[in-house]
Amino acid sequence: MPEPDNVVPVYLRRIDEKVDRVIDDVRDIKFRVTNLEEGQAGIQRRLDRVEARLDRIERRLDLVELPH
């Protein structure tokens, strides 16, 4: 009667393959989140510039009261 094969190495290889896929997925997610954060920061900078310009326009047109 032949001895059964040791299944531990088989399962360890499967686990290792799955861990490698998870690592790749996490790396991809981190890259994408970084891109989103950079894009959001760029949008915020543009909004800040628009707000500053709008404030200047409102002051020039005397649409806002200046603090005393």
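Coordinates for the structure precede this section.
Predicted model, so just to flag it, every value in this text is computed and none were measured. Along each chain, the written sequence defines residue order, and numbers are assigned to residues from 1. With pLDDT at 70 or above as the cut-off, local features in this predicted model cover only qualifying residues; side-chain atom pairs require 80 or more to be listed or tallied, and sums for whole chains, interfaces and linings still use all residues. Based on all heavy atoms of the structure, the side-chain values leave hydrogens and waters out of the count.

Describe a nonpolar patch on the surface, naming the residues involved and giving the relevant values.
Here, patches come from residues exposed beyond 30% relative accessible area and free of salt bridges, joined within 9 Å for like charges and within 5 Å for nonpolar side chains (Val, Leu, Ile, Met, Phe, Trp, Tyr). Throughout, the Shrake-Rupley method with a 1.4 Å probe supplies accessible areas, and for residues the shown protein chains are the sole cover considered. Salt bridge, as applied in this entry: a Lys or Arg side-chain nitrogen positioned within 4 Å of an Asp or Glu carboxyl oxygen. On the surface, Val-7, Val-8, Tyr-11, Leu-12, Ile-15, Val-19 and Ile-23 cluster together into a nonpolar patch covering about 630 Å² of accessible area. Strands here are runs of E lasting at least two residues and helices are runs of H or I lasting at least four, both read from the DSSP assignment and numbered beginning at the N terminus. Relative to the helices and strands, Val-7 resides in the segment before helix H1 (8-60).

Would you mind going over H1 in detail, with residue names and values included?
Think of an α-helix as 3.6 residues a turn; residues three or four steps apart then line up on the same face. Each residue after the first adds 1.5 Å to the expected span of a helix. The end-to-end C-alpha distance of H1, which contains 53 residues, comes to 77 Å, matching closely the 78 Å that a straight helix rising 1.5 Å per residue would cover. Remark: Asp-62 follows H1 within two positions and exhibits a positive phi of approximately 55°.

Outline unusual backbone geometry, listing residues and values.
You will see that Asp-62, though not glycine, has its phi angle at about 55°, which is positive. Relative to the helices and strands, Asp-62 resides in the segment after H1. Its relative accessible area of 65% is what places Asp-62 among the exposed residues. Burial here depends on accessible area, computed with a 1.4 Å probe over protein chains only, as a share of the maximum for the residue type. Under 20% is buried, over 50% is exposed, and the range in between is partly exposed.

Mind laying out the pattern of salt bridges, listing which residues take part and the relevant values?
Within this structure, the stated rule accounts for two salt bridges. Among the ionic pairs, Asp-24 bridges to Arg-27, the shortest N-O distance being 3.2 Å. Of this pair, Asp-24 and Arg-27 both sit in helix H1, separated by three residues, roughly a single helical turn. Look at Asp-24 and you get partly exposed, because its relative accessible area is 44%. For Arg-32, the salt bridge is made with Asp-28, and the minimal N-O distance between the two is 3.9 Å. On the criterion of helical spacing, the pair formed by Arg-32 and Asp-28 is a turn pair, its members being four residues apart in helix H1. By relative accessible area, which is 52% here, Arg-32 ends up exposed.

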